[in-house]
Amino acid sequence: MENLISNATEILLLLFLTITFLQSGIDKMLDWKGNLGWLTGHFSKSIFKGSVPVLLGTILVLEMLSGILCGVGVFQFVIDGDSSIGFLGAVLSAITLLLLLLGQRVAKDYAGAQTIVVYLIPTVFLVYLMQG
């Protein structure tokens with residue numbers, strides 16, 4: 001219980017990322033065709049137009065890994081107060097969000113890019129908290 005209380009901010013942010021990325025990754029797996037169709041149209045006038053299936057698969061793997069690492073990081077924090085796996089999850093989450101941001105900017109979806117920044121801010125804050 002002491003680890004839970006003394007690391008509450010980190011644990012809450014890790015849970016936030018776990019939910020965010022696992023839900024997004026699972027959605028991509030369950031509705032691959034729908035996501036692929038929408039993204040193919042979204043990137044039809046960009047440099048990514050011929051690479052959408054590969055990029056979608058890459059993002060799917062990164063999201064699932066980010067979510068899993070963050071989830072395991074929660075348990076590691078609660079059980080022994082260690083943050084090594086959670087830190088890796090937070091860093092991978094930030095990288096994943098930066099790639100998503102790049103995609104939105106390349107597609108000239110500036111409103112979508114703003115949405116990604118809303119997720120990126122607490123993620124970078126978590127990386128900062130977990131560095132020390």
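As a reminder, the structure under discussion sits directly above these lines.
(A) Inspection of helix α4 (residues 52-80) at higher detail. For α4, which comprises 29 residues, the first-to-last C-alpha distance of 41 Å matches the rise-based estimate of 42 Å (1.5 Å per residue) to within 8%. Of the residues flanking the end of α4, it is Gly 81, one or two places downstream, whose phi is positive at about 75°.

(B) Broad picture of the pattern of salt bridges. Summed over all chains, the structure comprises 1 salt bridge. Residue Glu 63 is joined to Lys 28 by a salt bridge in which the shortest nitrogen-to-oxygen separation is 3.1 Å. Separated by 35 residues along the polypeptide, Glu 63 in helix α4 and Lys 28 in helix α2 (residues 8-30) bring together distant segments of the chain. On the basis of relative accessible area, Lys 28 is assigned to the buried category, the value being 10%.

(C) Here's a closer look at a nonpolar patch on the surface. Together, Met 1, Leu 4, Ile 5, Phe 75, Val 78 and Ile 79 give the surface a local cluster of nonpolar side chains, amounting to about 680 Å² of exposed area. Taken together, the elements giving at least two residues each to the nonpolar patch come down to α1 (2-6) and α4. No other element matches α4, which puts 3 residues into the nonpolar patch. Considering the arrangement of structural elements, one finds Phe 75 in helix α4.

Reading guide: rules and limits
- Residues numbered from 1 in each chain as written.
- Predicted model: local features only at pLDDT ≥ 70, side-chain atom pairs only at ≥ 80, totals over all residues.
- Heavy atoms only, no water.
- Helix = DSSP H or I, 4+ residues; strand = E, 2+ residues; numbered from the N terminus.
- Expected span 1.5 Å × (residues − 1).
- Salt bridge = Lys/Arg side-chain N within 4 Å of Asp/Glu carboxyl O.
- Buried < 20%, exposed > 50% of the residue type's maximum accessible area, 1.4 Å probe, protein only.
- Patch = residues over 30% accessible without salt bridge, like charges linked within 9 Å, V, L, I, M, F, W, Y side chains within 5 Å.
- Areas by Shrake-Rupley, 256 points an atom, 1.4 Å probe, with all protein chains shown as cover.

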